[in-house]
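Each chain is listed here by its residues.
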Amino acid sequence: NHVATMSIRGVAQLKGLTLRYCDLGGSSRGARQFIRENLVSWAEKNPQTQVETAIKRNKHPQLIGEYVWGEPKIVTVKNMSPEEILANAQRLRNSSGRKMTRLAEPVKSRTPSVQGVWDPTTPFQRLEFQVSHQTANDLQS
């Protein structure tokens, strides 16, 4: 069962995942349940990622993704269900860790497409093929 992860040149980008939570606070209820029910199986499916938990009293729970690029991504998981926390862990695993950059203007090519500009009103010809079956013996003779 293969798990798809974000990798660049074969190197997984998420190095570590830390779940900080409060052992008493109500906003950490889902995080505590996630630890009991989902964390071990998630860690087994993602052996390339170091998984840690940390108790931080009187603070809302956070998922912290540490990436190869050095910049951590922090997601507050306050009052979230274990399923929502799992989805956020998957999102951190599937991201590169790089900041999103917006291009100032659309990318334009200096060489236009050989195929031409696509137009939804372009009429397509109906192509018909004849298919015949040949065996290896037919090809040898």
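It should be noted that the structure appears before, not after, this text.
Given the structure is predicted, the values throughout are model-derived calculations rather than measurements. (Residues numbered from 1 in each chain as written. Predicted model: local features only at pLDDT ≥ 70, side-chain atom pairs only at ≥ 80, totals over all residues. Heavy atoms only, no water.)

## A word on the packing of helix H1 (residues 29-37) against helix H3 (residues 82-93)
Here comes step 1: Here H1 crosses H3 at 75 degrees, and the two axes come no closer than 8 Å. The angle between the axes of H1 and H3 places the two elements in the roughly perpendicular class. Within the contact between the two elements, H1 uses Gly30, Ala31, Gln33 and Phe34 and H3 uses Pro82, Ile85 and Leu86.
Here comes step 2: Residues that form the contact of H1 with H3 fall into these classes: five nonpolar, two polar and no charged. (Axes fitted to C-alpha atoms, helices over the stretch in contact; angles between N-to-C directions. Helix = DSSP H or I, 4+ residues; strand = E, 2+ residues; numbered from the N terminus. Parallel < 35°, antiparallel > 145°, perpendicular 65-115°, else oblique. Contact = heavy atoms within 4.5 Å. Nonpolar A, V, L, I, M, F, W, Y, C, P; charged D, E, K, R; others polar.)

## Examining the environment of threonine 53
Here comes step 1: Along the chain, threonine 53 turns up in strand S4 (residues 50-55).
Here comes step 2: The spacing of threonine 53 and tyrosine 21 is 32 residues in sequence and 7.7 Å in space, taken between C-alpha atoms.
Here comes step 3: Apart from the residues within four sequence positions on either side, threonine 53 is in contact with Leu19, Tyr21, Ile35 and Leu39.

## What to know about the environment of isoleucine 85
Here comes step 1: Looking at the element boundaries, isoleucine 85 is found in helix H3.
Here comes step 2: Dropping the residues within four chain positions of it, isoleucine 85 is found in contact with Gly30, Ala31, Phe34, Leu63, Val77 and Met80.

## Observations concerning the nonpolar core
Here comes step 1: Within the largest apolar cluster, 15 residues are counted, with the highest numbers of intra-cluster contacts made by Leu17, Leu19, Leu63, Val77, Ile85 and Leu92.
Here comes step 2: Ranked by residues supplied to this core, first place goes to strand S3 (residues 14-21) with four residues.
Here comes step 3: Residues in contact with leucine 17, not counting those within four places in the same chain, are Trp42, Thr49, Gln50, Val51, Glu52, Leu63, Ile64, Gly65, Ala89 and Leu92. (Core = buried A, V, L, I, M, F, W, Y, C linked by side-chain atoms within 4.5 Å. Buried < 20%, exposed > 50% of the residue type's maximum accessible area, 1.4 Å probe, protein only.)

## Remarks on a nonpolar patch on the surface
Here comes step 1: Judged by side-chain polarity, Val11, Val68 and Trp69 come together as a nonpolar surface patch covering roughly 280 Å² of accessible area.
Here comes step 2: Here valine 68 is to be found in the loop between strand S5 (62-67) and strand S6 (73-76). (Patch = residues over 30% accessible without salt bridge, like charges linked within 9 Å, V, L, I, M, F, W, Y side chains within 5 Å. Areas by Shrake-Rupley, 256 points an atom, 1.4 Å probe, with all protein chains shown as cover. Salt bridge = Lys/Arg side-chain N within 4 Å of Asp/Glu carboxyl O.)

## Quick notes on the pairing of S3
Here comes step 1: Most of S3 is tucked away: six of the eight residues are buried.
Here comes step 2: Pairing between S3 and S5: six bridges, direction antiparallel. Across the sheet, the residue bridging to threonine 18 is isoleucine 64, located in S5.
Here comes step 3: In this structure, S3 lies alongside S4, joined through six bridges in parallel fashion. (Pairing = 2+ DSSP bridges.)

## A few points about the pattern of salt bridges
Here comes step 1: A full pass over the atoms with the stated rule returns one salt bridge.
Here comes step 2: The partner of arginine 57 in a salt bridge is aspartate 23, and the shortest N-O contact between them spans 2.7 Å. Taken together, the positions of arginine 57 in the loop between S4 and S5 and aspartate 23 in the loop between S3 and H1 put the pair 34 residues apart, joining distant regions of the chain.
Here comes step 3: The class of aspartate 23 is partly exposed, set by a relative accessible area of 27%.

## Side note on the sheet that holds S5
Here comes step 1: If you walk across this open sheet you meet the four strands as S4-S3-S5-S6, and the pairing is mixed. Bordering the open sheet on either side are S4 and S6, each of which pairs with just one other strand. Neighbour-to-neighbour, the strand axes of the sheet open up by a mean angle of 15 degrees, direction not taken into account.
Here comes step 2: The strands that H1 touches are S3 and S4; relative to S3, the one it contacts most, it runs at about 125 degrees.
Here comes step 3: Relative to the sheet, H3 contacts S3, S5 and S6, its axis offset from that of S5 by approximately 15 degrees.

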